[in-house]
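Structural overview
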Amino acid sequence: MSTGLEVADVFRRHGNAYRRAHDAHLGRVERRAMSAIELCRTAALGGHTEACADCGLIRCAYNSCRNRHCPKCQGQARADWLVARQAELLPVPYFHVVFTLPAPLAEIAFQNKERVYAILFKAAAETLRTIGADPKHLGAELGVVAVLHTWGQNLHHHPHVHCVVPGGGRSLDGTRWVACRPGFFLPVRVLASLFRRLFLDALHAAFQGGDLGFFGELADLAQPATFTRRLRELRRVDWVVYAKAPFGGPGQVLAYLGRYTHRVAIANSRLVNLTDGEVSFRWRDYRRHGKSKIMTLSADEFIRRFLLHTLPDGFHRIRHYGFLANGHRAAKLALCRNLLGAAAPEPIIAPADQAVCPLPLDRCPCSPDSVPTRRRSRSCGAGFYLNKWFFIS
């Protein structure tokens, strides 16, 4: 149950102290994220006044920051993205595959976010496409939607990629649809082995090209012999690739995507308390079968962990591969539907798209049961849908 506490409250109360204490280590992206979250939906960003045509109620609506790290600004972005994805669903089972980096590589990734996260995306997608195209497994071209997450439930740095993949693909000669076995996609041990090789080979190439930097405790890795030894150690450990059971249908796929694609490190709904310079929040301990617990951190440590997950400017955390790649998606999806003998899907409203904003800003209290006209406000920075409201300033 939500307490009404927000990440913005933590930043407003303790952000200045954090800036003073960590001034030398804060980058532009982190500073901008902090400022945006603090100012989001406040008078500082401007806004407008709305009035209800029926009861005359007047209220102020302030603009959102639209920063992708802000917990309050993802709802409408998620809804718009899901509408675009509806037309791309195929009438086949969908699988969820997760590719995770070992802890020693997570440290390297944190100091080289843009380069290593890109390698993670490419290695995961190439693994799925290579094994999927192998006639010993599926012998088909796959389509992949990949989403980067860099956090665990306790907000520690834990980079991994979630992939949603249709359970089958177009045969390599393009003449038929090849479906996977019921309830089974691809062998995870085979996926993990290839993923490890592809990732480490790409990381070694990046090192040889001078694209990686090492600082602090990792400074010794700048020496070729030390770096080569670290890679040798990583080739000997098992890497984790996890495949979940298939989804029940297209609606469940959209609901899942809505939960994962535009998520930030922690949602406001997980915050429990902010007192005496400490922040308490709910988390699930998956080493204890997902048991729900409360974690309490100092405000300084909470902000530090939150900022671990800011992404470089322009970095795309949702990517498409295979027959879902942006360059030829429409044509290849049309071919896939033709091979499946399926028509384009009807519009689907996923459960995750039912409430794009945690606040009831689309209806006036005088008519809580009214249905929104789905007319978007051009003056509202958050992009809310209005029902009977009109602007007076």
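Structure: see above.
Because the structure is predicted, anything quoted here is derived from the model rather than measured.

So, how was this worked out
- Residues numbered from 1 in each chain as written.
- Predicted model: local features only at pLDDT ≥ 70, side-chain atom pairs only at ≥ 80, totals over all residues.
- Heavy atoms only, no water.
- Axes fitted to C-alpha atoms, helices over the stretch in contact; angles between N-to-C directions.
- Helix = DSSP H or I, 4+ residues; strand = E, 2+ residues; numbered from the N terminus.
- Left-handed = near helix turned anticlockwise from the far one by under 90°.
- Contact = heavy atoms within 4.5 Å.
- Nonpolar A, V, L, I, M, F, W, Y, C, P; charged D, E, K, R; others polar.
- Parallel < 35°, antiparallel > 145°, perpendicular 65-115°, else oblique.
- Pairing = 2+ DSSP bridges.
- Buried < 20%, exposed > 50% of the residue type's maximum accessible area, 1.4 Å probe, protein only.
- Polar contact = N/O pair within 3.5 Å; in protein donor to acceptor, adjacent residues only side chain to side chain.
- Phe/Tyr/Trp six-rings, centres within 6.5 Å; stacked < 30°, edge-to-face > 60°.

Things to note about the packing of helix α3 (residues 75-86) against helix α8 (residues 250-260)
At a minimum axis distance of 10 Å, the contact between α3 and α8 shows a crossing angle of 145°. For the crossing formed where α3 meets α8, the hand is right-handed. The segment α3 lies against α8, with Arg78, Trp81, Leu82, Arg85 and Gln86 engaging Leu254, Leu257, Gly258 and Arg259. A breakdown of the residues in the contact of α3 with α8 according to their chemical character gives 4 nonpolar, 2 polar and 3 charged.

Looking at the packing of helix α6 (residues 188-208) against helix α7 (residues 224-235)
Helix packing for two helices is described by the angle between their axes and how far apart those axes are. Orientation of α6 relative to α7, taken along the N-to-C sense of each, is 175°, at an axis distance of 11 Å. Classed by the angle they form, the pair α6 and α7 counts as roughly antiparallel. Across from Arg196, Arg197, Leu200, Asp201, Leu203, His204 and Phe207 in α6, the residues of α7 making contact are Pro224, Phe227, Leu231, Leu234 and Arg235. Looking at the contact of α6 with α7, its residues break down into 7 nonpolar, 1 polar and 4 charged.

Quick look at the sheet that holds strand β12 (residues 291-298)
Taken in spatial order, the 3 strands line up as β10-β11-β12 in an open sheet, and their pairing is antiparallel. Taken across any chain shown, the strands that pair with only one partner, and hence form the sheet edges, are β10 (271-275) and β12. Between one strand axis and the next, the sheet turns by 25° as a mean value, whatever way the strands run. Bridge analysis of β10 against strand β11 (residues 278-285) gives 4 bridges, and the strand direction is antiparallel. Pairing of Thr275 across the sheet is with Glu278, part of β11. The strands touched by helix α1 (residues 7-21) within the sheet are β10 and β11, with β10 carrying the most contacts at an inclination of about 15°. Contacts between helix α9 (residues 299-307) and the sheet are confined to β10, β11 and β12, with β12 contributing the most and set at about 110° to the helix.

What to know about the environment of Glu141
Note on placement: Glu141 falls in strand β4 (residues 140-141). Judged by its relative accessible area of 13%, Glu141 is buried. The sequence separation of Glu141 and Gly169 amounts to 28 residues, and the corresponding C-alpha distance is 5.1 Å. Every residue in contact with Glu141, bar those within four places of it in the chain, is listed here: Arg129, Gly168, Gly169, Arg170, Leu172, Gly322, Phe323 and Lys332. Among the polar contacts made by the side chain of Glu141, one reaches the side chain of Lys332 at a distance of 2.9 Å.

Brief notes about the packing of aromatic side chains
How two aromatic rings sit relative to each other is given by the distance of their centres and the angle of their planes. On inspection of all chains with the given rule, the structure shows 13 aromatic pairs. Seen in terms of ring centroids, Phe95 and Phe185 are 5.1 Å apart; in terms of plane orientation they differ by 15°. Their pairing is stacked. Of the two residues, Phe95 sits in strand β3 (residues 94-100) while Phe185 sits in the loop between β8 (177-179) and α6, which places them 90 residues apart along the sequence. This pair shows no difference in class: Phe95 is buried, exactly as Phe185 is. Aromatic side chains Phe207 and Phe214 sit 6.2 Å apart centroid to centroid with 50° between the ring planes, which places their arrangement in the tilted category.

Details of the sheet that holds β8
The 3 strands lie next to each other as β4-β7-β8, forming an open sheet whose pairing is antiparallel. Each of the sheet's edge strands pairs with one partner strand only, and the pair in question is β4 and β8. With 2 bridges joining them, β4 and strand β7 (residues 168-171) adopt antiparallel strand pairing. The residue of β7 that forms the bridge with Ala140 is Ser171.

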